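# Examination of the molecular architecture
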Amino acid sequence: MPFRKDFLWGFATASAQIEGGGAESEAASGRGPSIWDKYCETPGKIEDGSHVNKTCAHLDNYKEDVALLAKLGVNSYRFSISWPRIIPKGGRNDPVNEKGLQFYDNLIDELLKYNIKPMITLYHWDLPQELQDRYGGWLNQEEIVKDYTHYAKLCFERYGDRCKLWLTFNEPWCVAAHGHYHGKFAPGHTSDTEPWIVGHSLLIAHATAAKLYLSDFKPTQKGIIGITLNGDWTEPYDDSPENVKAAQNKMDAAVGWFADPIYLGHYPESMKEMLGDRLPEFTPAELELLKDSSEFFGANTYTTNIVQAGGTDEAAGKAKLGFVTKDGETIGWESSMDWHRAVPWGVRKYITYLWNRYQKPIYITENGYPTPGESSIPKDQAIHDDLRVKFYDGYLTNLRDAVEQDGVDLRSYFAWSFLDNFEWNSGLIPRFGCVYTDYETFERTPKDSAYWLGKFFKENITA
Ligand code: PNW
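Here goes a summary of the coordinates provided. (Residues numbered from 1 in each chain as written. Predicted model: local features only at pLDDT ≥ 70, side-chain atom pairs only at ≥ 80, totals over all residues. Heavy atoms only, no water.)

With that out of the way, let us pick up the pattern of salt bridges. Tallied over the full model, the rule gives 37 salt bridges. The salt bridge involving R162 is made with D161; its shortest N-O contact spans 3.1 Å. With relative accessibility at 47%, the residue D161 sits in the partly exposed group. Its salt-bridge partner being D238, residue K326 comes within 4.0 Å of it at the nearest N-O pair. Placement of K326 in the loop between strand 9 (319–322) and strand 10 (333–334) and of D238 in the loop between strand 6 (233–236) and helix 11 (241–264) is noted, with a sequence separation of 88 residues between them. Via salt bridges that share partners, E98, D105, D109, R158, D161 and R162 belong to a single interconnected network. (Salt bridge = Lys/Arg side-chain N within 4 Å of Asp/Glu carboxyl O. Buried < 20%, exposed > 50% of the residue type's maximum accessible area, 1.4 Å probe, protein only. Helix = DSSP H or I, 4+ residues; strand = E, 2+ residues; numbered from the N terminus.)

In the neighbourhood of the ligand, 14 residues make up the surrounding shell, with Q17, H124, N170, E366 and E423 lying closest. Here an oxygen atom of the ligand sits 3.1 Å away from a polar atom, N or O, in the side chain of E171. For the ligand, whose unbound accessible area comes to 450 Å², protein coverage reaches 94%. Within the shell around the ligand, the residues separate by chemical class into six nonpolar, five polar and three charged. (Near = heavy atom within 4 Å. Polar contact = N/O pair within 3.5 Å; in protein donor to acceptor, adjacent residues only side chain to side chain. Areas by Shrake-Rupley, 256 points an atom, 1.4 Å probe, with all protein chains shown as cover. Nonpolar A, V, L, I, M, F, W, Y, C, P; charged D, E, K, R; others polar.)

Attention now moves to the packing of helix 10 (residues 194–221) against helix 11. When two helices pack together, their arrangement is given by the angle between their axes and by how far apart the axes lie. Running from N to C, helix 10 and helix 11 cross one another at 40°; their axes reach a closest spacing of 11 Å. Accordingly, the angle class assigned to the pair helix 10 and helix 11 is oblique. The element helix 10 and its partner helix 11 pack so that their crossing is right-handed. Here P195, W196, G199, L203 and H206 of helix 10 lie close against helix 11, whose contacting residues are W257, F258, P261 and I262. Partitioned by chemical class, the residues of the contact of helix 10 with helix 11 number seven nonpolar, two polar and no charged. (Axes fitted to C-alpha atoms, helices over the stretch in contact; angles between N-to-C directions. Parallel < 35°, antiparallel > 145°, perpendicular 65-115°, else oblique. Left-handed = near helix turned anticlockwise from the far one by under 90°. Contact = heavy atoms within 4.5 Å.)

Here we take up the pairing of strand 13 (residues 410–415). Counting buried residues along strand 13, five of its six residues qualify, which places the element largely inside the surrounding structure. Relative to strand 13, strand 1 (residues 8–12) is paired through four bridges, and the arrangement is parallel. Bridge assignment links W9 to a residue of strand 13, and that residue is Y413. Pairing analysis gives three bridges linking strand 12 (residues 362–366) to strand 13, with the strands arranged parallel. In the strand pairing of strand 13, I364 is matched with Y413. (Pairing = 2+ DSSP bridges.)

Remark: helix 16 (residues 386–406) packs on helix 17 (residues 448–460), axes separated minimally by 9 Å, with the N-to-C direction vectors making an angle of 20°. Between helix 16 and helix 17, the angle falls in the class roughly parallel. Relative to helix 17, helix 16 is oriented so that their crossing is right-handed. Residue-level inspection shows D386, R388, V389, Y392, D393, L396 and R400 of helix 16 in contact with helix 17, the latter providing D448, S449, W452, L453, F456, F457 and N460.

Within the largest apolar cluster, 135 residues are counted, with the highest numbers of intra-cluster contacts made by F11, W36 and W138. With twelve residues, the single largest contributor to this core is helix 10. Judged by nonpolar contacts, the second largest core, of 13 residues, contains M119, F296, Y363 and F414. (Core = buried A, V, L, I, M, F, W, Y, C linked by side-chain atoms within 4.5 Å.)

Given below as structure tokens:
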């Protein structure tokens, strides 16, 4: 069998994307507002005008959701904790919300009842709004590192006896680039200096919390901790030196920005050249902290780009991203999102690159596909999601080849996502779920892809 005996497979979600059951239920839960509540209340920011407080009502339906996960045959489930649900104002001297803490206790206990291993993401973008107001959130390294570490410690203390798989951050690139450069995610800033300050804070917050876990909790709790980064394969348009360099620059600006400091001890050279003194420098103490701060490489990956020189987007390393090759061929097939085309062969190149460059066991923590048109057809058609099955089949076959033929040390696969959910600035329109969500009744109906994945892993994980 290609996948190891202890291979983790399951679905991934995030607190802000699934928990909310409406304003009333959220208010009763004692959750404080996050930067996404404020962003949703800013006219024009969310494509369909939906609000993060009313998504899949997972808060009120977690037992049914866990029973469904068990029925689908997963051995693990990745979810995130909402920081403002357990510390409504977020800060290290602010009160905790016992109801919120209890919710994650209950969720974890429910998962363990079915032998499903919880994997917790500490930060999947829902920063307490109060911390944004108080001191600028991730822009204030000194304050946010202290508050984030306090929050992380609370989670290790409360849940670490039962949760053995920890992720400090989900996709810091999105927080810094989409949140502070492109302005398409909360808090919606468009700056050409902030993203690299924010990125630096995220790195130091990650390393501070991870080191705390490794020194004070791991010896008794025996879990593992790391960070998860988004990244996609970058295929040069042709073999001209400019385009080959552009492809590497894009990889550096998306992945190397965070991975190089953590695993190799420095920012990528191409980012230093591009940004000059807009890129912060690490102090020797910070470099020491970053070293060995992630026990594995957490990877979220979706697509592949054909890359040329001559772009302007600094968050993409000034590379020009497309999907058309020099021969005029469009790679892969379309999804419902403009940045995402399904390109199965790219995922094998991408994880082989990560394995060769960083030499860490790889945990795929997200991979998935929003089927085009799925939000405008009735449920009984949407659940027969052939193109999503084709996506998972193509990607997983390539990952299997990477393990068997390229020797990649792959330890997990989490499909994005369990349920159709709140897709950030695109609202409830794109449907990424392997389970259909009816947003009127909150009823769940598994799609064909959910069953397909169960069968695939049954046949490919060593018994
Ligand atoms: C990830 N891009 O976000 C997130 O971790 C999830 O919360 C999200 O729902 C999922 O992927 C699907 O989008 C991304 O623009 C958002 O390249 C945007 C990009 C990549 C990942």
